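# Report on the structure
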Amino acid sequence: NHVSSICSTWGGDHFKTFDGDMYQFPGTCEYNLVSDCHETYQEFSVHIKRDDSDGYPLVSYVEVTINDLAFHISKSVVTLNYEPIKLPYLYSGVQVERNAVYIKLQAKVGITVMWNSEDSVMVEIDNDYANRTCGLCGDFNGVPVYNEFILEGRKLSTTEFGNKHKVHRPNDDCEDPDEEEEEEEEEEPSSRTWMLPDSCKSWSSCTALIKPEPYIQACVKDMCGCGNITNDFCICSTLSEFSRQCSHAGGHPPNWRTPQFCAKQCPYNMVYEESGSPCMDTCTHQDTSSMCAEHKMDGCFCPSGTVFDDISSRGCIAQSECQCKHDKIYNSGEVYRQDGEECTCLDGRWACESLQMPALCSVEEGSHVTTFDGKIYTFHGECYYTLAKVESKDESSPKFTILAQLMPCAHQEFDTCLKTVKLLLNNDKNNVRCLLWSNVLSCTDFY
């Protein structure tokens, strides 16, 4: 259950603190979502800004600072210290990647930031930061409301609380929402649930872990604020958040979306699921999901029994159709040979076996010897020497011996020359098959 270490914002103005308090803040300036505020030196900070998009205040960018690395994440480009970077990106303990739904930043200092490029931003931090954070996500002390919304014994309105965390930029004339005392709305949650389809009420795995009432109230506010309640943004944003929180809590939200209700589009032939492993099996890495340590989440996934083709980008395919890559792309069943190996592409993996390669032994310049195993040494001799000898346990098989005669060179002092080479069949000195003499090799058949 990761809910207690997760802060999130979604829809036009909804927030959930690390400590579980939910509130609405409609600010559209840049705000500090969460920062490490315990020490003078700040290890991380996360800022967000909303802009009006087709009448709805969606998140326009996310600013994440990790020590001296400043990431600016927008829908179209990600920059590091004002320079564009290509995703996936890994540097100095920070990884930034993009999948079909989320842009995800994960840092070794203990923070993960995920943005769906629309209305939802989620921040998860390590428990080491307990009681040392500030921002719209609260102080992470495990107690809702206290001390985030209490100032000098007075309870702050959510608007006043939100305005406190505005990030002041030079020449920024963004206006804060009016700070007014807000009255608690005590609307009965069930009074509007009749507007939701039956599939949205079957959350037994989730309601056992998360109280649904605050989310129902948030959903009611969304729908009451929209003139047309069939608009996906008004209806679906809080339902989507509740589904995400259910996965974080270890629950199993149903696949409640339909083509007519809160539908999500996926690339290739992938399908949208409310809870799946974020570690996707691919042709190159076929066991990723089985070793995944991350909790489940919503997103686009390959149908069961398929893997994603990350070699030729053909979408989700059967594992048996996976290709292999070496110097080029090989289809399943194709073979390449190299360095004494024969490798066959099988289900996206190479199956290799060693080939029987001829071994070589040589004598050069009469004294430089290379063995069958590649050992090189120098030997000066003046006699017949056995270069190679094969003995067989099977008496019917032929045996042979190769002899070399080494002698001092007549034309060069202190050097050795190769004078003759003899091949003796069946180790019979009277059965000489080949004879090298004075650089002339002669062979005779003895049958």
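Residues numbered from 1 in each chain as written. Predicted model: local features only at pLDDT ≥ 70, side-chain atom pairs only at ≥ 80, totals over all residues. Heavy atoms only, no water.

## A few points about the sheet that holds strand β1 (residues 6-10)
Read from one edge to the other, the open sheet built from 8 strands follows the order β3-β2-β1-β14-β13-β12-β11-β10, with strand pairing classed as antiparallel. Of all the strands in the sheet, the pair left with one neighbour each is β3 (22-24) and β10 (89-91). Shown here is a sheet whose adjacent strand axes are inclined to one another by a mean of 10°, direction ignored. Relative to strand β2 (residues 14-16), β1 runs antiparallel, the two being bridged by 3 bridges. In the sheet register, Ser8 faces β2, and the bridge partner there is Lys16. Strands β1, β2 and β3 of the sheet are contacted by helix α3 (residues 213-224), whose axis makes an angle of about 15° with β3. Seen against the sheet, helix α4 (residues 232-248) touches β1, β2 and β14 (121-125) and runs at an angle of roughly 165° to β1. (Pairing = 2+ DSSP bridges. Helix = DSSP H or I, 4+ residues; strand = E, 2+ residues; numbered from the N terminus. Axes fitted to C-alpha atoms, helices over the stretch in contact; angles between N-to-C directions. Contact = heavy atoms within 4.5 Å.)

## Some points on the side chain of Gln245
Considering the arrangement of structural elements, one finds Gln245 in helix α4. Look at Gln245 and you get buried, because its relative accessible area is 1%. Beyond its immediate chain neighbours, meaning those up to four positions away, Gln245 contacts Val3, Ile6, Ser8, Lys16, Ile210 and Tyr215. (Buried < 20%, exposed > 50% of the residue type's maximum accessible area, 1.4 Å probe, protein only.)

## Here we look at unusual backbone geometry
Note the cis peptide between Leu87 and Pro88, where omega equals 0°. Within the secondary structure, Pro88 sits in the loop between β9 (83-85) and β10. Its identity is not glycine, yet Ser117 carries a phi of approximately 65°, on the positive side. Phi at Asp347 is positive, roughly 55°, even though this residue is not glycine. Topologically, Asp347 is positioned in the loop between β25 (341-346) and β26 (349-354). Taking the relative accessible area as the measure of exposure, Asp347 reaches 35% and is therefore partly exposed.

## Here we look at the packing of α3 against α4
Taken N-terminus to C-terminus, the directions of α3 and α4 make an angle of 160°; their axes are 7 Å apart at the nearest point. In terms of orientation, α3 and α4 fall into the roughly antiparallel class. With respect to the hand of their crossing, α3 and α4 are arranged in right-handed fashion. Where α3 abuts α4, its residues Tyr215, Ala218, Cys219, Asp222 and Met223 lie against Cys234, Ile235, Ser237, Thr238, Glu241, Phe242 and Gln245. Among the residues making up the contact of α3 with α4, the classes are represented as 7 nonpolar, 3 polar and 2 charged. (Parallel < 35°, antiparallel > 145°, perpendicular 65-115°, else oblique. Left-handed = near helix turned anticlockwise from the far one by under 90°. Nonpolar A, V, L, I, M, F, W, Y, C, P; charged D, E, K, R; others polar.)

## Considerations on the state of the cysteines
Under the criterion given, the structure shown has 12 disulfides. One disulfide in the model links Cys29 with Cys174; its S-S distance is 1.9 Å. Its S-S torsion of approximately -95° makes the covalent link between Cys29 and Cys174 left-handed. Here Cys29, found in the loop between β3 and β4 (30-36), pairs with Cys174, found in the loop between α1 (158-163) and α2 (204-207); they are 145 residues apart in sequence, far enough to count as distant. According to the relative accessible area criterion, Cys174 is buried, its value standing at 18%. In this model Cys343 forms its disulfide with Cys352; the gap between the sulfur atoms is 2.0 Å. (Disulfide = S-S within 2.5 Å.)

## Notes on α4
Spanning 17 residues, α4 covers 23 Å between terminal C-alpha atoms, matching the ideal 24 Å at 1.5 Å per step. Of all 17 residues in α4, 15 are buried, a share of seventy percent or more. (Expected span 1.5 Å × (residues − 1).)

## Brief notes about the pattern of salt bridges
Per the counting criterion, the structure on display carries 12 salt bridges. For the salt bridge of Lys49 with Asp51, the shortest nitrogen-to-oxygen distance reads 2.7 Å. What makes Lys49 buried here is its relative accessible area of 17%. As a salt-bridge pair, Glu294 and Lys104 come within 2.4 Å of each other at their nearest N and O atoms. (Salt bridge = Lys/Arg side-chain N within 4 Å of Asp/Glu carboxyl O.)

## With respect to the environment of His248
Within the element layout of this structure, His248 appears in helix α4. Placed 244 residues apart in sequence, His248 and Ser4 show a C-alpha to C-alpha distance of 9.3 Å. Non-local contacts of His248, meaning those with residues more than four positions away in its chain, are made with Asn1, His2, Val3, Ile6, Met122, His295 and Lys296. For His248, the side chain forms a polar contact with the side chain of His295, separated by 3.5 Å. (Polar contact = N/O pair within 3.5 Å; in protein donor to acceptor, adjacent residues only side chain to side chain.)

## A look at the nonpolar core
Buried together is how nonpolar side chains tend to be arranged in soluble globular proteins. Of all hydrophobic cores here, the largest spans 42 residues; its most connected members are Leu33, Val62 and Phe71. Not counting residues within four places of it along the chain, the set of residues in contact with Phe71 comprises Val62, Glu63, Val64, Thr79, Leu80, Ile85, Tyr89, Val94, Val96 and Leu105. Residues Val3, Ile210, Tyr215 and Cys246 belong to the second largest nonpolar core, which totals 17 residues. (Core = buried A, V, L, I, M, F, W, Y, C linked by side-chain atoms within 4.5 Å.)

## Brief notes about the sheet that holds strand β15 (residues 133-134)
Read across the open sheet, the 7 strands follow the order β9-β8-β7-β6-β5-β4-β15; overall the sheet is antiparallel. Both outer strands of the open sheet, β9 and β15, are each paired with one neighbouring strand and no more. Note: strand β5 (residues 44-53) against strand β6 (residues 56-66), 10 bridges, orientation antiparallel. Counterpart to Arg50 in the pairing with β6 is Val59.

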